Amino acid sequence: MAGAPFDYVLGLADDALILGHRLSEWCGHAPLLEEELALANIGLDLIGQARALYDYAGAIEGKGRDQDALAYRRDAAQFGNLLLVEQPNGDFAMTVARQFLYSAFAAPFWRETTSAKDATLAGIATEATHQAAYHLRHTADWLIRLGDGTEESHCRAQAAIDALWPYTGEMFESGHASLRPEWDKTIATVLVEATLTRPKDGWMQTGGRSGRHSEHLGYILAELQFLQRAYPDAKW
Amino acid sequence: MTDPLMPLWEVFIRAKAGLSHRHVGSVHAADAEMALTAARDVYTRRGEGVSLWVVPSGAITASDPGDETELFEPATAKPYRHPTFYTVPKEVGDM
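In this text, all values refer to a predicted model and were calculated from it rather than measured experimentally.

Engineer: It is not clear to me how the overall build of chain A should be interpreted in this structure. Could you clarify?
Structural biologist: Regarding its fold elements, chain A presents nine helices and zero strands. Its helices and strands in sequence order give chain A the pattern α-α-α-α-α-α-α-α-α, from N to C terminus. Its C-alpha atoms give chain A a radius of gyration of 17 Å, within 12% of the compact-globule value 18 Å for 236 residues. Along the three orthogonal principal directions, the C-alpha set of chain A runs to about 55 × 40 × 30 Å. By the burial criterion, 43% of the 236 residues in chain A qualify as buried. A sequence separation of at least 24 residues applies to 78% of the contacts in chain A between residues at least 6 apart.

Right, dumping it as C-alpha cells:
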C-alpha cells in the first residue's frame, strides 16, 4: 500500500534524519562544551525518531526496505523533508533559529499525533513529544539570550530569523494548517521576549515534501550516504 | 577558566527518590536557568537522575587542604565512634 501513508511517514523520517545530521555537524565545533553536548543530544533524539519512522515506513511499503535502505539508498529527489531542516548550520544563531522554528511546530505536532488513529505513529509520537518539548524550550531559551543579548548577538539572531522565515510556510502544508495558531503564538511570545521582530509573511518556499530540494541536500546526502554507497551493507 | 559572564556552577544529582543529591561535576553558565539546562545535557544523558541542583561554585566555602591534619586527624584516633562494636540482632536483617 505504498502511497500516501508511506510518503507521509517517510517525510517525517526525512525531517528528523536531515535535521539530526545537520546538528551532528556541530560535533567538535560548538561554542561551549555544554552546548556541544546539548546539540548532539538533540541530534540523537532526532536520529532516534528517524529510525523508528523509517522502520514504520518500510513496514507500510512492504518491500523489505529497512532503515538503512531508506536512509542511505535514496537520492535527493526521493527525500521528502522540509526545506527548513536542510538549510546550512550557519552561525550558532542560525542553528538555534532553525531548531526553534522547527521545534515550535514539532512540539504541538507530536503532541497531537499521540492521539492519532494509527497506533504505531501514536507510539512514536509519545516519545517524540517529550523530546520536542525540550528542544523547543532549549532553543527558545537561547534565542531569547541571543536576541536580548549584545548588539552583535541581536543582529545575528534577527538575520537568522529573517533568512529562515520563507521556509516556515511549508510546515503547515499537507493538512497541518490547524497547528498554525499555536505556532504563531509560540513564535510571537518568544520573539517579543527576545526583542526580535517577526518578519512579514510574504512568499514562502515550498517543494521539499515532493522532492524539490535546495542544493544543500545533495551535499548532505553525499556525506551521509558515502560509506553505504561505496561499500554496500558494510559491517564492522 | 574564569569568565565573569559564564561563571562555574557545581552540579548535584538525585539518582532516585529517597537518595540524597550527590555532587557529579560542574558546568559553565550565565545564570541558574542556563546552568540547570546545561547540567541536564551534560550529566543526565544515561538516566542518572530524577532531580538536579546547581549551586554557584563561588558560594561553596571549602576547608583548606593544609588544615587537613588538625581538622580530621583527631577523628581517626577514635575508632570507638564507629558503630562496629555492636552486635546486630538477627531480627534486624540487612542494614
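Engineer: Sorry if this is basic, but what is going on with the overall build of chain B here?
Structural biologist: Helices and strands together make up the secondary structure of chain B, namely two helices and three strands. The secondary structure elements of chain B, listed N-terminal to C-terminal, are β-β-α-β-α. Over its C-alpha trace chain B gives a radius of gyration of 19 Å, far above what one expects of a compact globule, namely 12 Å for 95 residues. Seen through its principal axes, chain B has C-alpha atoms that stretch 55 × 40 × 15 Å. Burial analysis of chain B (95 residues in total) assigns 16% to the buried set. Considering only contacts within chain B whose residues lie at least 6 apart along the sequence, 47% involve residues at least 24 apart.

Engineer: Help me out: how do you make sense of the environment of A:Glu36 in this one?
Structural biologist: Residues and elements named next belong to chain A. Take Glu 36: it is sitting in helix H2 (residues 33–61). Its 17 C-beta neighbours within 10 Å are what place Glu 36 among the partly exposed residues. Note: C-alpha distance between Glu 36 and Ile 187 (151 residues apart in sequence) is 25 Å. Ignoring anything within four residues of it in the chain, the contact list for Glu 36 reads Trp 26 and Ala 30.

Engineer: Where do I start with helix H6 (residues 119–147) of chain A in this structure?
Structural biologist: One full turn of an α-helix is made of 3.6 residues, so residues set three or four places apart face in the same direction. Under the 1.5 Å per step criterion, the end-to-end length of H6(A) is 40 Å for 29 residues, consistent within 8% with the ideal 42 Å. Along H6(A), the helix axis deviates most sharply at A:Ala128, where the bend reaches about 30°.

Engineer: How should the interface of chain A and chain B be read in this particular structure?
Structural biologist: How big an interface is tends to be reported as the loss of accessible area on association of its parts. Across the boundary between the two partners, chain A contributes seven residues, which contact eight residues of chain B. Contributions of two or more residues to the side of chain A that touches chain B are made by H2 and H6 of chain A. A total of four residues in the side of chain A that touches chain B trace back to one element, the largest contributor, which is H2(A).

Engineer: I would appreciate a short explanation of H2(A) in the present structure.
Structural biologist: Taking 1.5 Å of rise per residue, 29 residues should cover 42 Å, and H2(A) covers 42 Å from first to last C-alpha, within 8% of that figure. Looking one or two places after H2(A), you find A:Gly62, whose phi comes out positive at around 70°.

Engineer: Explanation requested: the nonpolar core in the structure shown.
Structural biologist: Where a protein is soluble and globular, its nonpolar side chains tend to be buried together. Residue and element names in this part refer to chain A. Formed by 67 residues in total, the largest nonpolar core has its most connected members in Ala 13, Leu 53, Ala 97 and Leu 143. It is helix H5 (residues 92–113) that provides the largest number of residues to this core, a total of 13 residues. When neighbours within four sequence positions are excluded, Leu 143 is seen to be in contact with Val 96, Ala 97, Phe 100, Ala 157, Val 190 and Ala 194.

Engineer: What is the right way to read the sheet that holds strand E2 (residues 21–28) of chain B from this model?
Structural biologist: In sheet architecture, strand pairing relies on hydrogen bonds along the backbone and comes in two forms, parallel and antiparallel. Residue and element names in this part refer to chain B. A sheet is described by the order of its strands in space; here three strands give the open sequence E2-E1-E3, paired in antiparallel fashion. At either end of the open sheet lies a strand with only one pairing partner, and these are E2 and strand E3 (51–56). For this sheet, the mean angle separating the axes of adjacent strands, direction not counted, is 30°. Inspection of the sheet shows strand E1 (residues 8–14) paired to E2 by seven bridges, in the antiparallel sense. Note that in E2 the partner of Trp 9 across the bridge is Val 27. Sitting on the sheet, helix H1 (residues 32–43) is in contact with E1, E2 and E3, with an inclination near 125° to E3.

Engineer: Would you mind going over the environment of B:Leu71 with me for this structure?
Structural biologist: Note that B:Leu71 resides in helix H2 (residues 68–76). Separated by 55 residues in the primary sequence, B:Leu71 and B:Lys16 have C-alpha atoms spaced 33 Å apart.

Calculation rules
- Residues numbered from 1 in each chain as written.
- Chains lettered and ligands numbered in written order.
- Predicted model: local features only at pLDDT ≥ 70, side-chain atom pairs only at ≥ 80, totals over all residues.
- Helix = DSSP H or I, 4+ residues; strand = E, 2+ residues; numbered from the N terminus.
- Rg over C-alpha atoms; globule rule 2.2 N^0.38 Å.
- Buried ≥ 20, exposed ≤ 12 C-beta atoms within 10 Å, placed from the backbone.
- Contact = placed C-beta atoms within 7 Å.
- Expected span 1.5 Å × (residues − 1).
- Bend = angle between axes of the 7 residues up to and from the residue.
- Core = buried A, V, L, I, M, F, W, Y, C linked by C-beta atoms within 7 Å.
- Pairing = 2+ DSSP bridges.
- Axes fitted to C-alpha atoms, helices over the stretch in contact; angles between N-to-C directions.

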